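Notes for the structure review
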Protein chains: 6
Amino acid sequence: MSLPKKILEEKLRKIVEEDVGHGDITTSHIVSRGTTVDAQVMAKEKGKIAGLEEATVLAESFGLKTKPLAADGQKVQEKTLILQLEGDAATLLSIERTLLNLLSRMSGIATATNLLVERIRKAGYQTRVASTRKVAPGLAYFDKKAVMIGGGDSHRWGLDDMILIKDNHVVIAGGIAEAVERVRKNVSFSKKIEVETARLDDVLEAAQSGVDIVMLDNFTPKQVKEAVRLLRKRQLRAKLLVEASGGITEHNILEYAAAGVDIVSLGEITHSARALDVSLEITKVKKPHR
Amino acid sequence: MSLPKKILEEKLRKIVEEDVGHGDITTSHIVSRGTTVDAQVMAKEKGKIAGLEEATVLAESFGLKTKPLAADGQKVQEKTLILQLEGDAATLLSIERTLLNLLSRMSGIATATNLLVERIRKAGYQTRVASTRKVAPGLAYFDKKAVMIGGGDSHRWGLDDMILIKDNHVVIAGGIAEAVERVRKNVSFSKKIEVETARLDDVLEAAQSGVDIVMLDNFTPKQVKEAVRLLRKRQLRAKLLVEASGGITEHNILEYAAAGVDIVSLGEITHSARALDVSLEITKVKKPHR
Amino acid sequence: MSLPKKILEEKLRKIVEEDVGHGDITTSHIVSRGTTVDAQVMAKEKGKIAGLEEATVLAESFGLKTKPLAADGQKVQEKTLILQLEGDAATLLSIERTLLNLLSRMSGIATATNLLVERIRKAGYQTRVASTRKVAPGLAYFDKKAVMIGGGDSHRWGLDDMILIKDNHVVIAGGIAEAVERVRKNVSFSKKIEVETARLDDVLEAAQSGVDIVMLDNFTPKQVKEAVRLLRKRQLRAKLLVEASGGITEHNILEYAAAGVDIVSLGEITHSARALDVSLEITKVKKPHR
Amino acid sequence: MSLPKKILEEKLRKIVEEDVGHGDITTSHIVSRGTTVDAQVMAKEKGKIAGLEEATVLAESFGLKTKPLAADGQKVQEKTLILQLEGDAATLLSIERTLLNLLSRMSGIATATNLLVERIRKAGYQTRVASTRKVAPGLAYFDKKAVMIGGGDSHRWGLDDMILIKDNHVVIAGGIAEAVERVRKNVSFSKKIEVETARLDDVLEAAQSGVDIVMLDNFTPKQVKEAVRLLRKRQLRAKLLVEASGGITEHNILEYAAAGVDIVSLGEITHSARALDVSLEITKVKKPHR
Amino acid sequence: MSLPKKILEEKLRKIVEEDVGHGDITTSHIVSRGTTVDAQVMAKEKGKIAGLEEATVLAESFGLKTKPLAADGQKVQEKTLILQLEGDAATLLSIERTLLNLLSRMSGIATATNLLVERIRKAGYQTRVASTRKVAPGLAYFDKKAVMIGGGDSHRWGLDDMILIKDNHVVIAGGIAEAVERVRKNVSFSKKIEVETARLDDVLEAAQSGVDIVMLDNFTPKQVKEAVRLLRKRQLRAKLLVEASGGITEHNILEYAAAGVDIVSLGEITHSARALDVSLEITKVKKPHR
Amino acid sequence: MSLPKKILEEKLRKIVEEDVGHGDITTSHIVSRGTTVDAQVMAKEKGKIAGLEEATVLAESFGLKTKPLAADGQKVQEKTLILQLEGDAATLLSIERTLLNLLSRMSGIATATNLLVERIRKAGYQTRVASTRKVAPGLAYFDKKAVMIGGGDSHRWGLDDMILIKDNHVVIAGGIAEAVERVRKNVSFSKKIEVETARLDDVLEAAQSGVDIVMLDNFTPKQVKEAVRLLRKRQLRAKLLVEASGGITEHNILEYAAAGVDIVSLGEITHSARALDVSLEITKVKKPHR
């Protein structure tokens with residue numbers, strides 16, 4: 001999943017601009033015009049790398065040369081060099097923090113996601129690990145791309161994506177069936193429909209209304225199991241996907257997988273992921289010729 | 001610390017726009033024009049609230065009425081109502097997630113910061129807890145404001161703020177004294193100057209160069225203590241502030257405070273803070289009159 | 001389908017800004033400050049009205065009062081008043097053309113769409129009439145919203161919506177099955193998958209690959225019929241939606257509907273729709289009090 | 001008429017961005033990184049080509065190589081190749097639709113304009129065919145440039161261009177002479193002044209007020225002839241340009257030309273022009289080396 | 001000349017945003033939430049006021065109440081109160097400098113322009129005083145509006161306004177007549193054409209080519225007189241406007257007026273005008289109720 | 001002090017865009033596609049050059065080649081060539097005025113600043129000459145960078161820079177000591193604090209409150225001297241910087257320097273500086289090959 005470079009460049013430019021303000025005053029006063037450097041970026045702890053594409057596009061669009069030493073999605077051990085940079089020293093110092101912040105946030109999310117995905121795969125399940133819209137404000141693209149790199153599912157990118165009828169929609173519509181009917185009447189054939197449910201009755205009502213996906217919100221693993229059993233009994237299970245969401249942690253995630261859902265979704269992997277420790281070191285300074 | 005409302009509104013509009021894309025298709029299909037609702041926002045776990053100003057400005061700039069039930073900086077217990085909202089149902093549903101994401105991120109950062117600040121205060125130290133520029137990309141304003149609400153110090157907002165001579169600047173300049181001298185020659189009188197140091201020798205070199213603040217980077221508490229002792233011995237301690245940074249955690253933070261620094265700074269409180277669990281519930285639906 | 005007002009206002013402001021440039025020099029030189037007017041907007045020919053929401057939001061966000069005399073989606077006869085406006089004369093004259101351009105374009109698209117939808121409904125078919133991404137550059141939101149108001153289906157809003165594997169994707173992947181497989185491996189569960197096909201063999205290959213929708217591109221009605229027959233024979237028809245696209249006109253659209261597809265899509269209704277004739281007349285001038 | 005490339009690139013980037021949203025999900029899942037393609041753009045029907053400059057700047061600014069096979073303003077027969085493209089496959093697929101939408105809209109407008117221009121020239125008249133401000137919202141630059149390529153006159157680009165006193169201005173000023181006088185008092189010497197008139201009396205009043213151009217709005221050819229005769233009689237004709245507008249179609253345009261006006265203007269050529277059918281085909285796929 | 005308020009607000013918001021950066025830290029730390037103030041703006045020296053509309057729109061769009069005590073275009077004596085403001089104290093302090101900078105720059109330009117206009121009028125000439133495009137970068141709207149308020153002529157607002165064939169265009173075209181001919185062939189009827197000339201021969205060549213305006217660039221008053229005489233002799237004077245530009249100062253401007261030109265234009269009034277001294281004083285502080 | 005090129009390019013693009021509007025119509029009609037030129041920029045009067053970096057980045061980002069013949073900060077005599085340009089003729093003509101406006105404004109500011117700096121240095125003082133926030137609206141970056149090139153001090157770049165407690169802040173806080181205390185309680189350690197004072201008493205109050213800088217606002221040189229004497233007497237002088245502001249001109253600036261302040265600041269050098277006369281001449285026209 002990648003934005004066209006030209007589009008991504010503009011997103012990244014705005015982030016740097018916010019940090020630079022009226023200028024990098026430290027660098028401006030210290031670095032002589034024409035000084036160039038070689039530098040390298042290191043993952044200081046082990047994890048799954050994400051954000052290398054963004055880091056590369058950022059650096060190149062600011063005129064630096066790049067040489068990736070790893071790939072997005074690659075698992076690395078601690079103290080692994082992942083990117084080499086070369087070019088104007090002042091520019092590099094001015095974008096260093098933005099570049100590292102992108103890499104550390106995205107790698108942190110990918111690492112957290114991957115941990116859960118692997119736990120599930122190793123236990124022999126095919127359950128998908130999905131993110132939610134609980135991202136850092138304005139950073140859905142980066143956060144969800146990192147989830148995908150970690151082996152997770154992006155879920156909806158935004159409100160114009162799949163139909164997701166949540167509790168508050170149901171309250172306003174006056175019931176699940178009524179809400180689904182309102183949607184069906186006008187929604188484009190190109191959209192899937194998912195409904196959030198809070199109780200067993202809701203699950204059946206949703207399934208019978210013909211939606212594509214039912215979300216079990218804040219169900220315990222046991223309740224999930226019961227819901228899946230009921231759906232099977234009514235021969236509704238095969239026609240839809242079942243997603244469990246709410247209260248899922250790394251500790252109980254296998255119980256949810258075992259309960260027979262297709263998807264588990266967690267806000268944690270985006271809104272509370274630990275950043276991966278990443279640093280940049282200058283390895284060579286080349287003074288300008290006079 | 002607050003941006004003028006008109007400026008903040010534009011920042012928030014862009015975040016909503018990113019989420020809404022071509023439109024909130026679920027809400028558009030379900031909510032009848034003219035439907036209004038009452039809703040309330042609840043902190044589901046205990047913590048220090050931040051982001052209420054942003055949430056309020058966001059909601060009001062989209063035409064909703066707001067009534068804060070708590071204040072930024074207030075500590076709340078779990079299940080505390082913090083904000084009431086009233087107005088157009090479709091609008092409320094379209095901004096709900098952005099509003100909650102702001103509140104949960106900012107409150108999470110404020111809570112994490114406050115934990116450290118209180119630990120230090122309770123132990124009887126005046127040491128400041130500062131953030132770094134390791135924020136979510138593009139979110140320095142929100143992240144650092146939350147740090148301040150949590151009782152922390154914003155540190156630099158961006159690269160045009162204080163002079164901070166880091167390791168890579170020193171490498172390029174060829175030494176701390178040389179770097180400081182280059183800065184001094186031209187920098188505005190309105191700027192403070194800080195230098196990052198990695199060894200005891202550096203600390204003295206920096207202090208003797210007459211900077212305002214010395215940062216001890218990745219020093220152990222013991223090394224910090226030694227550095228402070230040396231500065232005192234040379235009668236340099238009173239003339240400058242000392243900041244410890246790198247490797248500081250909630251577990252060892254008191255040792256750093258005890259070692260005699262003025263400031264401890266941590267990336268953790270911004271780049272890896274757990275979001276506070278916050279939710280929105282519709283309490284009343286008012287159908288449009290026909 | 002509606003954007004939150006605050007988001008729509010910004011889109012509309014940019015359009016006015018493009019027209020106004022350094023200022024409406026005619027109006028600035030003629031209209032005395034404080035002059036207010038009443039005005040009315042008339043549909044001069046019959047058609048299906050669309051764009052009233054946009055016109056209203058535009059006028060109100062520029063400080064004018066509005067009173068709609070019709071509703072989006074309403075069919076009107078020629079010379080029907082559809083909107084009253086009141087307020088600052090200079091402002092009204094400066095946004096008049098933009099307001100009318102929105103109304104006439106959107107109503108033209110809604111009218112053209114509705115003509116086809118009604119033809120199909122009257123003939124007793126349930127076939128959907130869908131738009132394509134062949135919109136005026138940058139105007140997908142307005143064009144596709146108008147299609148929906150006309151009773152049509154928006155189809156994909158943009159490239160981040162449903163998966164649509166087109167001829168050029170198939171060429172690159174080296175075959176339909178291969179392309180579908182690549183998508184399936186990583187795509188979010190929240191996305192539907194559609195494949196464009198050019199021949200009968202392709203249709204079967206696509207259907208067997210388990211996609212949600214098959215598009216028959218540039219098939220004659222007869223070929224469509226044959227494709228549908230084959231799908232039924234292989235018991236694949238019920239599992240997917242069938243869309244016909246390319247070469248469909250108001251003249252042959254019933255043949256396509258009769259051939260048994262679920263959806264017909266046409267670029268014409270967006271890229272070549274005739275604008276509806278709409279005009280604005282000032283009905284009262286109120287001079288400023290001195 | 002061309003914007004500097006750097007300015008045009010930004011306009012085009014925004015259009016692509018609107019279409020791409022969070023990313024071209026189909027392409028991202030199918031096209032392997034490093035895959036490049038050759039492609040060609042074909043005019044599938046005959047017409048006058050416009051938008052090649054925009055298509056070229058768009059493609060090149062996204063990193064593709066281009067080779068135009070035709071020129072803006074050239075008349076082509078059906079099935080004429082007009083542009084070759086080469087480069088990154090994913091990028092090309094992501095901008096394909098925007099590129100084609102620009103070409104088909106602009107070529108459609110140029111073709112419609114040119115039809116009228118040629119009809120007039122063949123009949124031996126020098127009458128100019130001008131557009132109006134009835135363009136697709138926000139697309140004045142592209143629409144009017146296409147009119148010029150078609151041999152037409154751009155007329156005003158926006159409200160800050162020539163003074164054009166319309167019916168509603170006259171209503172507010174309280175008469176044509178009064179409106180013209182208000183303008184004359186302050187307007188820059190660099191601006192021409194045109195007045196819209198609805199009756200013969202208005203025409204004379206406008207001409208006597210010394211404006212540069214008189215627009216005859218919704219006059220029949222016969223009324224136009226009479227107006228021109230009167231202007232000649234009063235020796236006012238030579239001092240001004242006469243524009244006919246409103247109700248002009250391809251069927252009666254020669255009657256208007258024959259009636260002796262300098263300019264005929266029509267909204268049709270921009271707000272209701274049929275798009276020219278243009279398509280893009282990939283001719284070669286080059287897999288990445290591994 | 002005024003932009004629609006909504007458009008102007010956005011221009012002004014961006015200017016404030018540039019100044020505010022991450023926030024007005026002084027005000028944020030000092031002013032208690034809810035504090036409101038009364039304030040007044042005073043012209044400390046005499047001059048012609050301009051920018052009051054901008055100041056008012058700025059203040060109101062940030063939520064302050066305004067009461068103008070003077071009008072744009074009014075001449076005031078030193079120490080004249082020109083604007084009252086009331087509202088949120090923090091907001092007022094954050095926009096104070098931007099508001100004053102607009103007023104002082106625009107009033108300075110209006111005052112400088114008006115000085116020249118009055119000198120000419122008092123001497124009995126009707127010669128117009130026009131600005132050039134030598135404005136502060138990006139501030140054409142504000143600078144030229146101020147010129148108009150000062151009684152001057154805006155001249156071209158930008159490059160899409162009138163045709164102005166300058167020396168460098170002539171060099172490229174290979175002569176004045178050739179340049180004019182190239183323009184005439186395609187330019188819209190809505191545009192005037194002006195040519196810059198450097199010698200007497202050029203003046204005649206330009207006049208004979210049928211342009212609307214001839215600019216005499218860097219002619220002495222004596223040379224201007226000779227040029228005007230020649231134009232009269234050849235009966236070309238009445239058909240065109242004559243503009244003198246280059247080397248005109250307040251000292252020799254009457255000589256140029258006397259030499260018989262219609263327009264004199266000067267960069268000085270925009271690029272080097274002295275700002276008018278304007279200040280803001282808080283007259284009342286109203287503490288928030290607790 | 002330099003913004004990263006990519007960031008600066010965007011600022012400059014917006015300025016050109018404002019000037020170009022719908023296009024450079026003169027150039028579009030005259031210059032044949034493919035024509036290239038050589039050109040040179042000349043300082044027509046003597047002064048200190050600033051803006052060459054901006055001019056170079058502007059020209060290169062629009063695709064022209066540049067060769068600086070001088071350097072920012074260099075003093076040149078009248079008629080000195082300072083920059084060579086080469087490339088597409090149409091592009092060059094479209095950016096010419098913006099490029100010259102940047103150079104002439106920035107060089108004008110640098111020259112005015114330098115005049116004062118040299119006067120002070122020649123008289124043997126080390127007093128800094130600082131600018132204020134009285135810049136052209138929105139142009140702080142360019143204006144203050146020019147001040148620095150002229151040897152001056154940028155002072156605060158904006159409201160998020162140093163704390164500067166002004167008269168109006170003091171009024172609201174109810175006193176200098178109270179205002180300083182409010183700031184101290186929460187402000188980041190990274191910020192300096194300055195207070196504006198109007199009387200001798202204020203100066204002492206400010207100094208005793210422990211601020212970093214005291215600004216003497218509208219003090220006569222004699223009053224300044226007295227203030228400095230008092231500060232020395234109380235042994236407060238060494239602990240802080242003293243800035244004089246208000247009423248300082250080139251005529252009395254030495255008296256202020258002599259009075260013993262560290263900094264003098266003036267709005268004049270930014271809000272009222274005379275632009276330096278700079279022009280661009282095309283030296284060679286290269287026709288396109290056919």
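The structure under discussion appears in the preceding block.
Anyway, here's the lowdown on the structure attached to this text. In this text the structure is predicted, and so the values were computed from the model without any measurement.

So, about the interface of chain D and chain A. Facing 17 residues of chain D, the contacting portion of chain A comprises 13 residues. Approximately 1300 Å² of surface area, both sides summed, lies buried where chain D meets chain A, with 65% of it carried by carbon and sulfur atoms. The interface formed by chain D and chain A holds 3 salt bridges in total. E10(A) serves as the salt-bridge partner of R13(D), at 3.8 Å between the closest nitrogen and oxygen. Put simply, chain D and chain A have 4 residue pairs in polar contact (both at pLDDT 80 or more) between them. Where the side of chain D that touches chain A is concerned, the elements lending two or more residues are α1 (5–20) and α2 (25–30) of chain D. Ranked by residue count, the leading element in the side of chain D that touches chain A is α1(D), at 6 residues. Among the residues making up the side of chain D that touches chain A, the classes are represented as 4 nonpolar, 7 polar and 6 charged.

Residue and element names in this part refer to chain D. As a packed pair, helix α4 (residues 89–122) and helix α5 (residues 140–149) sit with axes 7 Å apart at the nearest point and diverge in direction by 45°. Taken together, the axes of α4 and α5 are oblique relative to one another. Remark: the crossing between α4 and α5 carries right-handed chirality. Contacts between α4 and α5 involve L102, R105, M106, I109, A110 and T113 from the first element and F142, D143, K145, A146, V147 and I149 from the second. When grouped by side-chain class, the residues that make up the contact of α4 with α5 number 8 nonpolar, 1 polar and 3 charged.

In this section: the pattern of salt bridges. Under the counting rule described, the total for this entry stands at 132 salt bridges over all chains. A salt bridge links R199(A) to D202(A), with the shortest nitrogen-to-oxygen separation between them at 3.4 Å. We note a salt bridge from D38(C) to K286(C), for which the minimum N-O separation is 2.8 Å. Note that D38(C) is positioned in strand β1 (residues 36–43) and K286(C) in strand β12 (residues 278–286), a separation of 248 residues in sequence. When salt bridges with common partners are traced through the structure, they connect E10(A), R13(A), E17(A), E10(D), R13(D), E17(D), E10(F), R13(F) and E17(F) into a single cluster.

Okay, the sheet that holds strand β10 (residues 241–245) of chain A next. Residues and elements named next belong to chain A. Taken in spatial order, the 6 strands of this open sheet run β6-β11-β10-β9-β8-β7, and their pairing is parallel. Edge positions in the sheet fall to β6 (128–130) and β7 (163–165), since each of these pairs with one other strand and no more. Recorded for the sheet is a direction-independent mean angle of 25° between the axes of neighbouring strands. Bridge count between β7 and strand β8 (residues 193–197): 3 bridges; the pairing is parallel. Bridge assignment links I163 to a residue of β8, and that residue is I193.

Below, the discussion takes up the side chain of S107(D). All names here are of chain D. Examined against the element boundaries, S107 turns out to sit in helix α4. Judged by its relative accessible area of 1%, S107 falls in the buried class. Here the side chain of S107 touches A50 through a polar contact of 2.9 Å, landing on its backbone oxygen. Beyond its immediate sequence surroundings of up to four residues, S107 is in contact with K48, I49, A50 and L276.

Let's shift gears to the nonpolar core. Counting 581 residues, the largest nonpolar core has L99(B) and L99(D) as the members making the most contacts within it. Apart from residues no more than four positions distant in its own chain, L99(D) is found in contact with V41(D), A55(D), L58(D), A59(D), L83(D) and L85(D).

Moving on to the relation of the copies chain D and chain A. By a simple turn and slide, chain D fits onto chain A: the slide is 0.0 Å along the axis, the RMSD is 0.0 Å, and the turn is 120°. Expressed as an axis order, the relation between the two copies is that of a three-fold axis. Relative to the rotation axis, the closest C-alpha in chain D is found at E10(D), a distance of 5.8 Å.

Once that is clear, we can look at the interface of chain A and chain B. Each partner contributes residues to the interface: chain A has 67 residues there, and chain B has 67 residues. Both faces considered, chain A and chain B share a buried interface measuring about 5400 Å² in area, 57% of it formed by carbon and sulfur atoms. When the buried area of chain A at its contact with chain B is split by residue, I30(A), L159(A) and I172(A) rank highest and sum to 14% of it. When the shortest N-O distance is used, the salt bridge between R133(A) and D19(B) registers 2.6 Å.

Relating one copy of the chain to the other takes a rotation about an axis and a shift parallel to that axis. For the match of chain A to chain B, the screw axis carries a shift of 0.0 Å, the RMSD comes to 0.0 Å, and the turn is 180°. Here the transformation between the copies is reduced to the relation of a two-fold axis. By C-alpha distance to the rotation axis, the residue of chain A lying nearest is S272(A), at 3.2 Å. Comparing interface residues between copies, 100% of those in chain A also sit at the interface in chain B, which points to an isologous, same-surface contact.

Before going further, it helps to examine helix α8 (residues 200–208) of chain D. Residues and elements named next belong to chain D. Listed as buried for α8 are D202, V203, L204, A206 and A207. Buried residues belonging to α8 abut α7 (176–186), β8 (193–197), β9 (213–217) and α9 (221–233). One or two residues past the end of α8 sits G210, with phi positive at roughly 85°.

Cut-offs and rules
- Residues numbered from 1 in each chain as written.
- Chains lettered and ligands numbered in written order.
- Predicted model: local features only at pLDDT ≥ 70, side-chain atom pairs only at ≥ 80, totals over all residues.
- Heavy atoms only, no water.
- Contact = heavy atoms within 4.5 Å.
- Buried area = accessible area lost by both parts, 1.4 Å probe.
- Salt bridge = Lys/Arg side-chain N within 4 Å of Asp/Glu carboxyl O.
- Polar contact = N/O pair within 3.5 Å; in protein donor to acceptor, adjacent residues only side chain to side chain.
- Helix = DSSP H or I, 4+ residues; strand = E, 2+ residues; numbered from the N terminus.
- Nonpolar A, V, L, I, M, F, W, Y, C, P; charged D, E, K, R; others polar.
- Axes fitted to C-alpha atoms, helices over the stretch in contact; angles between N-to-C directions.
- Parallel < 35°, antiparallel > 145°, perpendicular 65-115°, else oblique.
- Left-handed = near helix turned anticlockwise from the far one by under 90°.
- Pairing = 2+ DSSP bridges.
- Buried < 20%, exposed > 50% of the residue type's maximum accessible area, 1.4 Å probe, protein only.
- Core = buried A, V, L, I, M, F, W, Y, C linked by side-chain atoms within 4.5 Å.
- Least-squares fit on C-alpha atoms with pLDDT ≥ 70 in both.

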